[in-house]
Amino acid sequence: GENVEQHPSTLSVQEGDSAVIKCTYSDSASNYFPWYKQELGKRPQLIIDIRSNVGEKKDQRIAVTLNKTAKHFSLHITETQPEDSAVYFCAARSNAGGTSYGKLTFGQGTILTVHP
Amino acid sequence: DSGVTQTPKHLITATGQRVTLRCSPRSGDLSVYWYQQSLDQGLQFLIQYYNGEERAKGNILERFSAQQFPDLHSELNLSSLELGDSALYFCASSVAQGGGYGYTFGSGTRLTVV
């Protein structure tokens, strides 16, 4: 089945700096890659996603890049703010049939702390 | 409000007991997924249902079971509870079972086994 590795596990930046979180996936049939933000005690919320036919997607201060050849995708947050502090999860979905049926496999999460 | 409703929000129970967690998916969503999130852990996939049928199974213990009813709500049953079952249990829904569709998560049920 799919395996998603996420790095780093913790990331500390100063307000205004950029933050980058990287993920690799194992299943070449994966074709959808969302990113979720989870604040303490809250539900994970989708912040951006990318499909396999696209190499990059931006939404204001956040962007995601995908390298299908390397099976690697990254989240970029620019001009970080204290309210960006949260746990960020990457995920991958395989469109293969069989046992996957489209479930998301999540990375282990990155705790991002933005210091004022 | 995400549109995915989970009840109860909190549950405290003793070891050896059985509990049922309930999830109502977002209107129009046919797929329901259950995830377990323990302290300092990521999101561990338990099980998926699509339009009433089980579709995928993850690392779900034999003591755990789930079902999806004709009205599409789902229940996760946890029995013979152990201290290690204490966790946040999330339900998520999506409109389809495959393709490029994201999940919408419910607010979770925090289970504490004492």
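These numbers come from a predicted model, not from an experiment.

The subject of this paragraph is the pairing of strand 8 (residues 72-77) of chain A. Residues and elements named next belong to chain A. Note that strand 3 (residues 19-25) and strand 8 share 6 bridges and pair antiparallel. Bridge assignment links Ile21 to a residue of strand 8, and that residue is Leu75. Here 6 bridges tie strand 7 (residues 62-67) to strand 8, and the two strands are oriented antiparallel to one another. By the bridge assignment, Ile62 is partnered in strand 8 with Ile77. Connecting strand 7 to the next strand, strand 8, in antiparallel fashion are 4 residues, including Lys71 with a positive phi near 55°.

Further remarks concern unusual backbone geometry. All names here are of chain A. The residue after His7, namely Pro8, is reached through a cis peptide bond having omega -5°. As for its position among the elements, Pro8 is in the loop between strand 1 (4-7) and strand 2 (10-14). At Gln60, a residue that is not glycine, the phi angle is positive and equals roughly 55°. Its place among the elements puts Gln60 in the loop between strand 6 (56-59) and strand 7.

Here we come to the sheet that holds strand 3 of chain A. Residue and element names in this part refer to chain A. Across the sheet, 5 strands lie side by side as 1-3-8-7-6; this open sheet has antiparallel pairing. Strands at the two margins of the open sheet, each flanked by one partner only, are strand 1 and strand 6. Each adjacent strand pair in this sheet contributes to an overall mean axis angle of 15°, direction not counted.

It is worth spelling out the nonpolar core at this point. Membership of the largest hydrophobic core comes to 23 residues, with the highest contact counts inside it found for Trp35(A), Phe73(A) and Leu112(A). Where this core is concerned, the elements lending two or more residues are strand 2, strand 3, strand 4 (30-38), strand 5 (45-51), strand 7, strand 8, strand 9 (86-94) and strand 11 (110-115) of chain A. Every residue in contact with Leu112(A), bar those within four places of it in the chain, is listed here: Leu11(A), Val13(A), Ala19(A), Ile77(A), Asp84(A), Ser85(A), Ala86(A) and Tyr88(A). Membership of the second largest hydrophobic core comes to 20 residues, among which are Leu46(B), Phe64(B), Ala66(B) and Ala87(B).

The next subject is the sheet that holds strand 1 (residues 5-7) of chain B. Residues and elements named next belong to chain B. An order of 1-3-8-7 is seen for the 4 strands of this open sheet, with the pairing classed as antiparallel. Unpaired on one side and paired on the other, strand 1 and strand 7 (64-68) mark the two borders of the sheet. Taken over all neighbouring pairs, the strand axes of this sheet differ in orientation by 15° on average, direction set aside. Taken together, the 5 bridges between strand 3 (residues 19-24) and strand 8 (residues 74-78) define a ladder with antiparallel strand orientation. Its bridge partner lying in strand 8, Cys23 is registered against Ser74.

We now examine the environment of Gln6(A). Residues and elements named next belong to chain A. Relative to the elements of secondary structure, Gln6 occurs in strand 1. Residues Gln6 and Asp49, 43 residues apart in the sequence, show an inter-C-alpha distance of 16 Å. Residues contacting Gln6, with those up to four places away along its chain left out, are Ile21, Lys22, Cys23, Trp35, Tyr88, Phe89, Cys90, Gly107, Gln108, Gly109 and Thr110. In this structure the side chain of Gln6 is engaged in a polar contact, spanning 3.1 Å, whose partner is the backbone nitrogen of Gly109.

All right, on to the state of the cysteines then. Covalently bonding the sulfur atom of one cysteine to the sulfur atom of another cysteine gives a disulfide. Tallied over the full model, the rule gives 2 disulfides over all chains. Paired by a disulfide, Cys23(A) and Cys90(A) hold their sulfur atoms 1.9 Å apart. Measuring the twist about the S-S bond at about -100°, one finds the Cys23(A)-Cys90(A) disulfide to be left-handed. Separated by 67 residues along the polypeptide, Cys23(A) in strand 3 and Cys90(A) in strand 9 bring together distant segments of the chain. Cys90(A) shares its class with Cys23(A); the two are buried. Cys23(B) shares a disulfide with Cys91(B); S-S distance 1.8 Å. In this structure the cystine formed by Cys23(B) and Cys91(B) twists about its S-S bond by roughly -45°; its chirality is therefore left-handed. Here the residue Cys23(B) occupies a position in strand 3, and Cys91(B) occupies one in strand 9 (residues 87-94), the gap between them amounting to 68 residues.

Definitions and cut-offs
- Residues numbered from 1 in each chain as written.
- Chains lettered and ligands numbered in written order.
- Predicted model: local features only at pLDDT ≥ 70, side-chain atom pairs only at ≥ 80, totals over all residues.
- Heavy atoms only, no water.
- Pairing = 2+ DSSP bridges.
- Helix = DSSP H or I, 4+ residues; strand = E, 2+ residues; numbered from the N terminus.
- Axes fitted to C-alpha atoms, helices over the stretch in contact; angles between N-to-C directions.
- Core = buried A, V, L, I, M, F, W, Y, C linked by side-chain atoms within 4.5 Å.
- Buried < 20%, exposed > 50% of the residue type's maximum accessible area, 1.4 Å probe, protein only.
- Contact = heavy atoms within 4.5 Å.
- Polar contact = N/O pair within 3.5 Å; in protein donor to acceptor, adjacent residues only side chain to side chain.
- Disulfide = S-S within 2.5 Å.

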